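Summary of structural features
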Amino acid sequence: MTKLLVSVRSLAEARLALAAGVDLIDLKEPARGSLGALDPAVARQIVRSLRGRVPLSVALGELLELRSRSLRLPAGVSFAKLGLAGCASAADWPRAWQRAIERLGPQVTPVAVIYADWPRVAAPDPQQVFDHAVRLRAGALLIDTCLKSGDDLLVHAGPGQLQAWIEAARRQSMPSVVAGSLSAATIRRLLPLGPDYIAVRGAACRGSRAGPLDGRRLECLVDLVRGPRRAAAERFA
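Criteria and thresholds
Residues numbered from 1 in each chain as written. Predicted model: local features only at pLDDT ≥ 70, side-chain atom pairs only at ≥ 80, totals over all residues. Heavy atoms only, no water. Helix = DSSP H or I, 4+ residues; strand = E, 2+ residues; numbered from the N terminus. Rg over C-alpha atoms; globule rule 2.2 N^0.38 Å. Buried < 20%, exposed > 50% of the residue type's maximum accessible area, 1.4 Å probe, protein only. Contact = heavy atoms within 4.5 Å. Areas by Shrake-Rupley, 256 points an atom, 1.4 Å probe, with all protein chains shown as cover. Pairing = 2+ DSSP bridges. Right-handed = clockwise from strand over helix to strand, strands pointing away. Core = buried A, V, L, I, M, F, W, Y, C linked by side-chain atoms within 4.5 Å. Salt bridge = Lys/Arg side-chain N within 4 Å of Asp/Glu carboxyl O. Polar contact = N/O pair within 3.5 Å; in protein donor to acceptor, adjacent residues only side chain to side chain.

1. What to know about the overall build of the protein
Counting its secondary structure elements, the protein contains 9 helices and 8 strands. Expected size for 237 residues packed as a compact globule is a radius of gyration near 18 Å; at 16 Å, the protein falls within 12% of this value. When its C-alpha atoms are laid out on the principal axes, the protein stretches across 50 × 40 × 30 Å. Across the 237 residues that make up the protein, the buried fraction comes to 53%. Put simply, 64% of the contacts in the protein that link residues at least 6 apart link residues at least 24 apart. Just so you have it, the protein exposes about 10600 Å², and 52% of that area is on carbon and sulfur atoms.

2. Remarks on the pairing of strand β2 (residues 24-27)
Burial of the side chains of β2 extends over both faces: Leu24 and Asp26 are buried on one face and Ile25 and Leu27 on the other. The sheet contact formed by strand β1 (residues 3-8) and β2 spans 4 bridges and is parallel. When the sheet's bridge partners are listed, serine 7 is paired in β2 with aspartate 26. Read from β1 through helix α1 (residues 11-20) to β2, the crossover connection turns out right-handed. Where β2 lies against strand β3 (residues 56-62), 3 bridges are found, and the strand directions are parallel. Residue isoleucine 25 lies in a different strand from β3, and its bridge partner there is leucine 56. As for the winding sense of the linkage, the β-α-β connection from β2 through helix α2 (residues 40-50) to β3 is right-handed.

3. A closer look at the environment of alanine 75
Structurally, the position occupied by alanine 75 is in the loop between β3 and β4 (79-83). By relative accessible area, alanine 75 is classed as exposed at 71%. Considered as a pair, alanine 75 and tyrosine 197 are 122 residues apart in the sequence and their alpha carbons are 23 Å apart.

4. Concerning the nonpolar core
With 69 residues, the main nonpolar core has Ile25, Leu27, Leu63, Trp97, Leu162, Leu190 and Val200 as its most contacted residues. Here this core gets 6 residues from one element, more than from any other, and that element is helix α3 (residues 93-104). Aside from chain neighbours lying at most four places away, what touches valine 200 is Leu4, Leu5, Val6, Ser7, Leu182, Ile187 and Leu221. Grouped together as the second largest cluster of nonpolar side chains are 17 residues, Leu5, Leu35, Ala123 and Ala179 included.

5. Brief notes about the pattern of salt bridges
For the structure on display, the rule yields 9 salt bridges. One salt bridge in this structure joins glutamate 13 and arginine 201, with 2.7 Å as the shortest N-O distance. Highlighted residues: glutamate 13 in helix α1 and arginine 201 in the loop between β8 (197-200) and α8 (215-226), separated in sequence by 188 residues. Neither glutamate 13 nor arginine 201 differs from the other in exposure class; each is buried. Taking the shortest distance from any N to any O, the salt bridge between aspartate 151 and arginine 120 comes out at 3.6 Å. Taken as a pair, aspartate 151 in the loop between β6 (140-144) and α5 (153-156) and arginine 120 in the loop between β5 (109-115) and α4 (126-135) lie far apart in primary sequence, 31 residues in all. The exposure class of aspartate 151 is partly exposed, given its relative accessible area of 29%. The class of arginine 120 is partly exposed, set by a relative accessible area of 46%.

6. What about the pairing of β5?
Counting buried residues in β5 gives 6 out of 7 residues, a clear majority hidden from the surface. In this structure, β4 lies alongside β5, joined through 3 bridges in parallel fashion. Along β5, the bridge assignment pairs alanine 80 with proline 110. Taken together, β4, α3 and β5 form a β-α-β motif whose crossover is right-handed. Read as a crossover between parallel neighbours, the route from β5 over α4 to β6 is right-handed.

7. A closer look at the side chain of threonine 2
By secondary structure assignment, the location of threonine 2 is in the segment before β1. Here proline 195 takes part through its backbone oxygen, which lies 2.6 Å from a polar atom of the side chain of threonine 2.

Set out below in C-alpha cells:
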C-alpha cells in the first residue's frame, strides 16, 4: 500500500506533518534545491523532538557539492539521499557516490536518486544510476525532478517508464518513492502504479514549495494517498 512522505524545513512543520499522520518525514531545505540540505542544528532539533515516532529521511544536496560538508547525521535518521546532477561528465562519480555512502554509516539506508529530467541537469542516465545502486546496495529508489520549474514528474517520464522503474526496484527489494512537483491530479495518476511512497512538498504548502506547510492540505493529502477512512482511523488511534 502506498504511503505518504512529506518534506519539512522546521520543527513546527515536522509537528504538523506528524499530527496529520504522514508516514515518513523528510528533512530538507527547499530554498537550496530539489534535495537541499537542512541546517544540521535544525535537523538535530527535529530528530530529538520526534523521538522515533515516525521514520525520518534527510536530503544531503548534490554529490558534486558534498566535499565541503559533513555527513555526520543525528542518530534516529533512517534514510539519506544525494542527487547526481552534473555527474554525467564526471568519470569517477560511481566511486565518489560509493565513498559518500560509506561515510553515512551502517545505521542509515542510502537512497538512490533518478532524476526524470536528467538530460537537463547533466545527471547520469537512469539505467546507469540504477545499476550502480544495485551494486552499492542502496536501500531505496527515489524518482524525482531536479528542476522545480513548474513541470511535474509526468512531463519528463510517462506512466510506462515510471512503472518499469518501480517494478525494477521491487525486484531488488528496494522501496520506491515518486516525487516531482506533484499535484493532487498527478498523484491520482501515480497511485495505480503502486509506488511505496508518494513524496510531496509544494502540494502541502501555502503558496510555493518554499512557503509554510498547511495542516489542512496535509490531511487532504493523507486522505488522498491512503483513503479517508483508513487515514482517519490511523490519525486518531
